[in-house]
Amino acid sequence: MLELTQRLIDAAEGGAPVLLAVLVDPGPLPLSPGARLLVEPDGRTLGSLGDPALDAAVARAAPGLFARHGARTLYAAGETLAERHTEGAPAIYVEVVESRPTFLVVGAGHIGRALARLANFLGYRVAVIDDRPDFADPALIPEADEVICDDFEAALERFPIGPSTTIVLVTRGHKQDELSLRKCLGRGAAYLGMIGSRRRTTAVLDHLRAEGFPEAELDRVRTPIGLDIGAETPEEIAVSIVAEVILLRRGGTGAPMYYRARRGPTPARS
């Protein structure tokens, strides 16, 4: 279907994301493997897997799948879809098709450069902004796709920000953070975080609140940023920040994966 293919191209090239569902294994149903269904963020659909019940199950699951991004194979389980394989159940490959996400680092100091390296490693399109020529030097940040040397406010006004943009403010001081944050609020970024102590970041938010910025927008600002892993070096701090970005993007809990200590003592062998 030409319309379906064009919609996938639009999503990959920067349009609104779309959920693609492909029937991998019809199980007991008389359906054709390879049948495709698209689900829009607002719930509208295009195409079909060949069975109204399967189409409806995908549409119901779509909001959660959009929130987690990525791709996976799911299995029909009654009126729902499950990740656990069930013998004989129809298998459906689902993928959120969207443009390559952007990781915007505002501030090209030690932490900013470490963030650029990590974000590049994770497959983001990386952009870095700083107003100091000695810091906003592409030779110092080869992992960045774009390095912008300009006034923070002017650069952010021009920069395209949307639902696939992660923004981390790690400038050299609270004044630059506050000026930058003003230009980022209300623009629908997937993640907007600002580094700094609780006292410093609270003061910045209080200033913006007094200026009349909506409380709902201020509540979306992650600050202080990062997971509490005892980070000290710029690289460790960058890891803690990126871990939080991944946690929110993929819907994780942040809980340790380690489980053996909760199982109790291992019985002695006889």
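Before reading on, note that the structure itself is shown above.
It should be emphasised that the depicted structure is a prediction, and the values quoted were computed from it without experimental measurement.

Trainee: Help me out: how do you make sense of the sheet that holds strand E11 (residues 191-194) in this one?
Mentor: Hydrogen bonds along the backbone pair up the strands of a sheet, which may run parallel or antiparallel. Ordered by their spatial adjacency, six strands build an open sheet running E9-E8-E7-E10-E11-E12, and the pairing between neighbours is parallel. Edge positions in the sheet fall to strand E9 (146-149) and strand E12 (221-222), since each has one partner strand and no second. Of the pairings in the sheet, the one linking strand E7 (residues 102-106) to strand E8 (residues 125-130) comprises five bridges and is parallel in character. Across the sheet, residue Leu 104 finds its bridge partner in E8, namely Ala 127. Taken strand by strand, helix H8 (residues 234-250) contacts E7, strand E10 (165-169), E11 and E12, and its axis lies near 155 degrees from that of E11.

Trainee: Is there a simple way to think about the packing of helix H3 (residues 110-121) against H8 in this case?
Mentor: In helix packing, the relevant descriptors are the interaxial angle and the interaxial distance, both defined with respect to the helix axes. Where H3 meets H8, the axes come as close as 8 Å, and the angle between the chain directions of the two elements is 55 degrees. On the basis of their axis angle, the class for H3 and H8 is oblique. Crossing of H3 over H8 shows right-handed handedness. Residue-level contacts link His 110, Ile 111, Ala 114, Leu 115, Arg 117 and Leu 118 of H3 to Pro 234, Glu 235, Ile 237, Ala 238, Val 239, Ile 241 and Val 242 of H8. Among the residues forming the contact of H3 with H8, the class breakdown is 10 nonpolar, one polar and two charged.

What counts, and at which threshold
- Residues numbered from 1 in each chain as written.
- Predicted model: local features only at pLDDT ≥ 70, side-chain atom pairs only at ≥ 80, totals over all residues.
- Heavy atoms only, no water.
- Pairing = 2+ DSSP bridges.
- Helix = DSSP H or I, 4+ residues; strand = E, 2+ residues; numbered from the N terminus.
- Contact = heavy atoms within 4.5 Å.
- Axes fitted to C-alpha atoms, helices over the stretch in contact; angles between N-to-C directions.
- Parallel < 35°, antiparallel > 145°, perpendicular 65-115°, else oblique.
- Left-handed = near helix turned anticlockwise from the far one by under 90°.
- Nonpolar A, V, L, I, M, F, W, Y, C, P; charged D, E, K, R; others polar.

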